[in-house]
Amino acid sequence: ENVIAKELIASGKYGDLISINEVRTCRYPGPVSPKWLMNKAVSGGGILYNFGAHTLDMVKYITGSKVVSVQCGVSLHEEGTENAASGMLKLENGVSVTFNLMGNCDVNRYEITLYLSKGEIRISA
């Protein structure tokens, strides 16, 4: 999906990329997650550290641009790592990225919307 989205953006058919919004919801940690997943000393962090890395990978791949500023808020899980995070990234090329990573619900959802000046591209898994 990301390869196709990148090709569509590069084609210019739908105009310039303006912003990206990602929503990812699930139960985090999941019922079969290893116990160490929420131990910050072992895992490094929670949902932002784990899923957020994939958000950054996707943004970098699709846009080819660097992140120049970040604003983020998190909710902490009882073990001390985050299980929910929302934020905004500003890219060097002017594109804004918003994301919501919610690990405190039972609904599994993964959607990316790329807003362009002449349309939008939606990726859903």
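Our structure's up above, just so we're on the same page.
Worth saying up front: this structure is predicted, and the values here are computed from it rather than measured.

Here we come to the pattern of salt bridges. Taken as a whole, this structure holds four salt bridges when the rule is applied. Between Glu120 and Arg122 there is a salt bridge whose closest N-O contact spans 2.7 Å.

With the rule as written, the count across this model stands at one aromatic pair. For the ring pair Tyr28 and Phe51, a centre distance of 5.2 Å and an interplane angle of 65° mean the geometry is edge-to-face. Taken together, the positions of Tyr28 in the loop between strand S1 (17-27) and helix H2 (40-43) and Phe51 in helix H3 (residues 47-63) put the pair 23 residues apart, joining distant regions of the chain. Like Tyr28, the residue Phe51 is buried in the burial classification. For Lys6, the ring lying beneath its charged end belongs to Tyr61, and the centroid distance is 4.3 Å. The ring of Phe51 carries Arg24 above its face, with NZ or CZ at 4.8 Å from the centroid.

A few words on the sheet that holds strand S4 (residues 96-102). On the basis of which strands lie adjacent, the open sheet formed by six strands has the order S2-S3-S4-S1-S5-S6 and mixed pairing. Looking at which strands have only one partner, the edges of the open sheet turn out to be strand S2 (67-76) and strand S6 (119-124). Ignoring which end each strand starts from, the neighbouring axes of this sheet average 15° apart. With seven bridges joining them, S1 and S4 adopt parallel strand pairing. Bridged to Ile20 within S4 is Val97. Helix H1 (residues 2-11) rests against S1, strand S5 (104-116) and S6 of the sheet, and its axis sits at about 170° to S6. Taken strand by strand, H3 contacts S1, S2, strand S3 (82-91), S4 and S5, and its axis lies near 25° from that of S3.

This part is about the nonpolar core. Generally speaking, soluble globular proteins have nonpolar side chains that are buried together. Counting 24 residues, the largest nonpolar core has Ile9, Leu17, Ile20, Tyr28, Val97 and Leu114 as the members making the most contacts within it. For this core, the secondary-structure elements that each account for two or more residues are H1, S1, H3, S3, S4, S5 and S6. A per-element tally of this core places H3 first, with five residues. For Ile9, the residues in contact, after removing those within four places along its chain, are Leu17, Ile62, Leu114, Leu116 and Ile121.

This next bit is on H3. Compared with the 24 Å implied by 1.5 Å per residue over 17 residues, the 23 Å span of H3 between its first and last C-alpha is a close match. Buried residues of H3: Ile47, Phe51, Gly52, Thr55, Met58, Val59, Ile62 and Thr63, and no others. Tucked inside the fold, the buried residues of H3 contact H1, S1, S3, S4 and S5. Gly64 sits one or two residues past H3 and shows a positive phi near 70°.

So, how was this worked out
- Residues numbered from 1 in each chain as written.
- Predicted model: local features only at pLDDT ≥ 70, side-chain atom pairs only at ≥ 80, totals over all residues.
- Heavy atoms only, no water.
- Salt bridge = Lys/Arg side-chain N within 4 Å of Asp/Glu carboxyl O.
- Phe/Tyr/Trp six-rings, centres within 6.5 Å; stacked < 30°, edge-to-face > 60°.
- Helix = DSSP H or I, 4+ residues; strand = E, 2+ residues; numbered from the N terminus.
- Buried < 20%, exposed > 50% of the residue type's maximum accessible area, 1.4 Å probe, protein only.
- Lys NZ or Arg CZ within 6 Å of the ring centre and 35° of its normal.
- Pairing = 2+ DSSP bridges.
- Axes fitted to C-alpha atoms, helices over the stretch in contact; angles between N-to-C directions.
- Contact = heavy atoms within 4.5 Å.
- Core = buried A, V, L, I, M, F, W, Y, C linked by side-chain atoms within 4.5 Å.
- Expected span 1.5 Å × (residues − 1).

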